[in-house]
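So the chains spell out like this:
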Amino acid sequence: MKVTVQEKEGLFKSLTVNVEGDIVEKALNEVYQYLKENAQIEGFRKGTVPLWIIKSRYKESIREEVGKKVADATLEKAINETKLKPAASIYLESVELQENPPKVSYTVTFEVIPEFELKDLENVEVEIPKLEFSEKMVEEALEKIREEHALWEPANRPTKKGDLVVIEYEIEETSSGEKTQGETSGVVGERMFREEIDSSLEGRSEGEELSFTDLTLYDTEGKEAGKANVRVTIKAIKEKVLPELNDDLAKQAGLGDTLQEAMEKLRKNIQENLEKMREQAIENALAHKLVEMHDIEVPRTLLAKEIESLVTQRLNYLAQYGIDPKHVNVKALSEEVRPQAIFNIKLRLILDKYAQSKNINVSDEDLQKKYEELAAMNNTSAENIKVYFESQNLVPVVMGDIAREKAIKELMQKAIVKEVQKEETKDEGHT
């Protein structure tokens, strides 16, 4: 086997692999055997087509299938020989096949993990807001409970930001004329509808109709998927009504029989969780500091996958409100989550490199603990989680997550943490 590496644009590499002998012959025989048994050609019974006809009729398919089989059997070894580290998907670009003697030459393209120098991460300084118990924390917790138990009541007025609107819609795709009808709802001004619709809903009355012509449709990757005419009818307008702070709310929230009892429980919970809140603040601040310290080129293929994942998460969240993805401007949403996607990838690359440099290993006990955590979150057994990850070949992914968790915890222990009053704290953002 001979392997040749060619530099491409950015982080892309092209690998040409030449393979001869038994591997190619075996792949050829398997493909020929399958076609002899399954090819259906007029004038011949199934299983009786001469091989020379199969070779002539299916020449391109034979080349592609043999190429795939040979690549599956040899690519891992070829990549290991080059010591390259693919960042994401590997694309089979071309295949050349020679039968006598059996020889295959195939070319794959992929992006590699970027090279960067790990900065000195001993004693990294971070700032976090000084966390001390205050009655304001209890007040904020009570307000959160009020929000969680808010009711949507009919509003006899035009819409305004923050209102929940129920709409009936009809989408007509301009190319096919296909129509889709349905009913959905969303909060005005919270990007639950695509921008053109959301901005037009404010100040509207119940029963009012809105029409939009030639709206661009996007798929989940943010690519254009056609045009559509959309008609929207406002069926209902509702405003959020927060419940009063009283004994009834305390009972609904499961915090006791009286408001006073609920406040005491919240007070105790906040005091007990202050250290966890502090640790989370340190982790967030440290994560942003790490990314800020390193200049890393982000692989485009990794970025596309991360954006798609974040967009899918957001669409699933909106679906809980009954929002049809066709109403969401996925292209705009993709741009909105792009900075977060870039941040996520850079942080993972930094933590991966640190874990490798410090020989941070993942033990069987670490894996079992993670399975148990995931089982508790998904209301199932650790064994079910384990079986699922093993069947989907996702164990290396889980091990990578665990190694990064261990890496950030180790760095947190080494960090120099400065606690400052909240108004003095730099805006560290969110991980």
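A tally of regular secondary structure across the chain gives 12 helices and 11 strands. Against the compact-globule benchmark of 22 Å for 431 residues, the chain has a radius of gyration of 29 Å, which places it well outside the compact range. Judged by the C-alpha coordinates and their principal axes, the chain covers about 85 × 60 × 40 Å. Here the chain holds 431 residues, and the buried ones make up 39% of them. In the chain, of all internal contacts separated by at least 6 residues, the share reaching a separation of at least 24 is 70%. For the chain, the accessible surface area stands at approximately 25,800 Å², while carbon and sulfur atoms represent 45% of it. A distance of 4 Å separates the average location of the 62 positive side-chain charges in the chain from that of its 86 negative side-chain charges.

If you look at the biggest cluster of nonpolar residues, it comprises 76 residues, and the most contacted ones within it are L201, L286 and L290. Residue contributions to this core peak at 12 residues, all from helix α9 (residues 330–357). Once residues lying within four places of it in the same chain are set aside, the contact partners of L201 are T159, V165, V188, F193, L210 and I234. A27, V49, L84 and V108 belong to the second largest nonpolar core, which has 28 residues in total.

The next thing to look at is the environment of E372. With respect to the secondary-structure elements, E372 resides in helix α10 (residues 364–378). Classification of E372 as partly exposed rests on a relative accessible area of 44%. Taking the C-alpha atoms as reference points, E372 and A285, separated by 87 residues in sequence, lie 28 Å from one another.

Counted at 1.5 Å a residue, the expected span for helix α8 (residues 300–319) with its 20 residues is 28 Å, and the 28 Å between its end C-alpha atoms agrees. Looking at the buried positions of α8, the neighbouring elements they touch are β2 (12–20), β3 (91–98), β4 (103–111) and α9.

The subject of this paragraph is the pairing of strand β8 (residues 179–187). Note: strand β7 (residues 164–173) against β8, 9 bridges, orientation antiparallel. Within β8, the position partnered with I171 by the bridge is T180.

Before going further, it helps to spend a moment on empty space enclosed by the protein. In the structure shown here, the tally under the stated rule is 1 cavity of 30 Å³ or more. The calculated volume of the largest cavity comes to roughly 40 Å³. Taken together, L142, I145, L249, A250, A253, L255, L259 and A262 form the lining of the largest cavity. Taken together, the elements giving at least two residues each to the lining of the largest cavity come down to α4 (135–148), α6 (247–252) and α7 (259–293). Residues that form the lining of the largest cavity fall into these classes: 8 nonpolar, no polar and no charged.

Before going further, it helps to spend a moment on the packing of aromatic side chains. Under the criterion given, the structure shown has 2 aromatic pairs. The interplanar angle of 20° and the centroid separation of 6.2 Å between the aromatic rings of Y371 and F389 together place this pair among those described as stacked. Here Y371, found in helix α10, pairs with F389, found in helix α11 (residues 382–391); they are 18 residues apart in sequence, far enough to count as distant. F389 shares its class with Y371; the two are buried. With centroids separated by 5.6 Å and ring planes inclined at 65°, the aromatic side chains of Y388 and F389 adopt a geometry described as edge-to-face. Ring pairs connect the aromatic residues Y371, Y388 and F389, which therefore count as one cluster. Taking NZ or CZ as reference, K353 lies 4.5 Å from the ring centre of F116, over its face.

As a further point, take unusual backbone geometry. Of note, the amide linkage connecting N100 to P101 takes the cis form, showing an omega dihedral of -10°. Within the secondary structure, P101 sits in the loop between β3 and β4. Phi is positive for N359, close to 55°, though the residue is something other than glycine. Locating N359 in the fold gives a position in the loop between α9 and α10.

Attention now goes to the sheet that holds β3. Pairing within the open sheet is antiparallel, and its 4 strands lie in the order β1-β2-β4-β3. Bordering the open sheet on either side are β1 (2–7) and β3, each of which pairs with just one other strand. In this sheet, adjacent strand axes meet at a mean angle of 15° when their direction is disregarded. The sheet contact formed by β1 and β2 spans 6 bridges and is antiparallel. Counterpart to V5 in the pairing with β2 is L15. This element, helix α1 (residues 22–38), spans β2, β3 and β4 of the sheet and lies at about 85° to β2. Along the sheet face, α8 touches β2, β3 and β4 and points at about 65° away from the line of β4.

In this section: the packing of α8 against α9. Packing of α8 against α9 brings their axes to within 8 Å, and their N-to-C directions diverge by 120°. Between α8 and α9, the angle falls in the class oblique. Here α8 runs over α9; the crossing is right-handed. Listed contacts from α9 to L302, L303, E306, I307, L310, V311, R314 and L315 of α8 are V330, L333, S334, E336, V337, R338, Q340, A341, I342, N344, I345 and R348. A per-class count over the contact of α8 with α9 returns 12 nonpolar, 3 polar and 5 charged.

Rules behind the numbers
- Residues numbered from 1 in each chain as written.
- Predicted model: local features only at pLDDT ≥ 70, side-chain atom pairs only at ≥ 80, totals over all residues.
- Heavy atoms only, no water.
- Helix = DSSP H or I, 4+ residues; strand = E, 2+ residues; numbered from the N terminus.
- Rg over C-alpha atoms; globule rule 2.2 N^0.38 Å.
- Buried < 20%, exposed > 50% of the residue type's maximum accessible area, 1.4 Å probe, protein only.
- Contact = heavy atoms within 4.5 Å.
- Areas by Shrake-Rupley, 256 points an atom, 1.4 Å probe, with all protein chains shown as cover.
- Lys, Arg positive; Asp, Glu negative; His and termini not counted.
- Charge placed at Lys NZ, Arg CZ, Asp CG, Glu CD.
- Core = buried A, V, L, I, M, F, W, Y, C linked by side-chain atoms within 4.5 Å.
- Expected span 1.5 Å × (residues − 1).
- Pairing = 2+ DSSP bridges.
- 1 Å grid on protein atoms, 1.4 Å probe; cavity = no way out; pocket = protein on both sides within 12 Å on 5 of 7 lines; lining within 4 Å.
- Points joined across faces, edges and corners; volume = space filled by probe spheres on them.
- Nonpolar A, V, L, I, M, F, W, Y, C, P; charged D, E, K, R; others polar.
- Phe/Tyr/Trp six-rings, centres within 6.5 Å; stacked < 30°, edge-to-face > 60°.
- Lys NZ or Arg CZ within 6 Å of the ring centre and 35° of its normal.
- Axes fitted to C-alpha atoms, helices over the stretch in contact; angles between N-to-C directions.
- Parallel < 35°, antiparallel > 145°, perpendicular 65-115°, else oblique.
- Left-handed = near helix turned anticlockwise from the far one by under 90°.

Structural measurements only, silent on function.
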